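# Structure assessment
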Amino acid sequence: DAGVTQSPTHLIKTRGQQVTLRCSPKSGHDTVSWYQQALGQGPQFIFQYYEEEERQRGNFPDRFSGHQFPNYSSELNVNALWLGDSALYLCASSLGKARQFFGPGTRLTVL
Amino acid sequence: GQQVMQIPQYQHVQEGEDFTTYCNSSTTLSNIQWYKQRPGGHPVFLIQLVKSGEVKKQKRLTFQFGEAKKNSSLHITATQTTDVGTYFCAQGDSWGKFQFGAGTQVVVTP
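Here's what I pulled together on the structure shown here. Because the structure is predicted, anything quoted here is derived from the model rather than measured. (Residues numbered from 1 in each chain as written. Chains lettered and ligands numbered in written order. Predicted model: local features only at pLDDT ≥ 70, side-chain atom pairs only at ≥ 80, totals over all residues. Heavy atoms only, no water.)

### Focus: the sheet that holds strand 7 (residues 64-68) of chain A
Residues and elements named next belong to chain A. Going by this rule: Note on pairing: DSSP must find at least two bridges between two strands before they are called paired. Only DSSP runs of H or I with at least four residues qualify as helices, and only runs of E with at least two residues qualify as strands; both kinds are numbered from the N terminus onward. Working convention: axes come from line fits to C-alpha atoms, limited for helices to the stretch in contact. Angles between N-to-C directions cover 0 to 180 degrees.
Spatial ordering of the open sheet is given by 1-3-8-7, a layout of four strands whose pairing is antiparallel. The open sheet has two edge strands, strand 1 (5-7) and strand 7, and neither has a second partner. In this sheet, adjacent strand axes meet at a mean angle of 20° when their direction is disregarded. The sheet contact formed by strand 3 (residues 19-24) and strand 8 (residues 74-78) spans five bridges and is antiparallel. Each residue of the ladder has a partner; that of C23, found in strand 8, is S74.

So this is what it looks like as structure tokens:
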């Protein structure tokens, strides 16, 4: 039974570019949440997807968008990257509002 | 929105000693979760507290939810080198959205 998987593990982009990060939830989970974790800080909630809809959103600009597919996997898209977007991006899955399991994260570096 | 504050930000502990990290909120929390993140790793769920005054134990870890549900603590006894990492508390709303504190980074010296 695979846990939460994310791809890629590392990514380097330049300012102004766009990036897509991917997440496959733990088997049986239907809810995916995305978090941004800057160095030395706690994870910050970006948004949550359930039944292919964005259910909740944190305090992030519209440059951050997402999608959930029928198989519950999810993508996080960030447009017009800037230096401050450099962070560890974490995906967490759960069954409804139950305990969430985090993936290993994608380390994004913006130069 | 609601925020949880964690203290201390940094904890240096001698192996074998006890320590406590605290999570405080200015508003009543519906629940509180605790996570551990090892260096270079991702947050791993430890426990969830829901009831006022609730106390839960996991081996050397004791978690407590305040009577007013505005604070929580994690107490570790007889610290070991495997306890190294950052401990986060997170408060959740009715939709399963969680807000994390800034964490307590724990360093253990032998």
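### Details of the side chain of T86 of chain B
Cut-off, in case you're wondering: Pairs of residues are marked as contacts when any of their non-hydrogen atoms sit within 4.5 Å.
Mapped onto the secondary structure, T86 of chain B falls in strand 9 (residues 85-92). Those residues in contact with T86 of chain B that sit more than four places away from it in its chain are Y35, K36, Q37, G103, T104 and Q105 of chain B.

### A closer look at the interface of chain B and chain A
Basically, it comes down to this: The quantity reported as buried area is the accessible area (1.4 Å probe) lost by two parts once they are put together, taken as the sum for both. The rule for a salt bridge is simple: a side-chain nitrogen of Lys or Arg has to be within 4 Å of a carboxyl oxygen of Asp or Glu. Throughout, the ten residues Ala, Val, Leu, Ile, Met, Phe, Trp, Tyr, Cys and Pro are labelled nonpolar, Asp, Glu, Lys and Arg are labelled charged, and all others, Gly among them, are labelled polar.
Taken together, the contact pairs 17 residues of chain B with 20 residues of chain A. Per-residue buried area on chain B facing chain A is highest for W95, K97 and F100 of chain B; these three make up 34% of the total on that side. At the surface where chain B touches chain A, the tally comes to zero salt bridges. Put simply, the parts of the chain that give the side of chain B that touches chain A at least two residues each are strand 4 (32-37) and strand 10 (98-100) of chain B. Per element, the largest residue contribution to the side of chain B that touches chain A is three residues, and it comes from strand 4 of chain B. Counted by class, the side of chain B that touches chain A contains eight nonpolar, seven polar and two charged residues.

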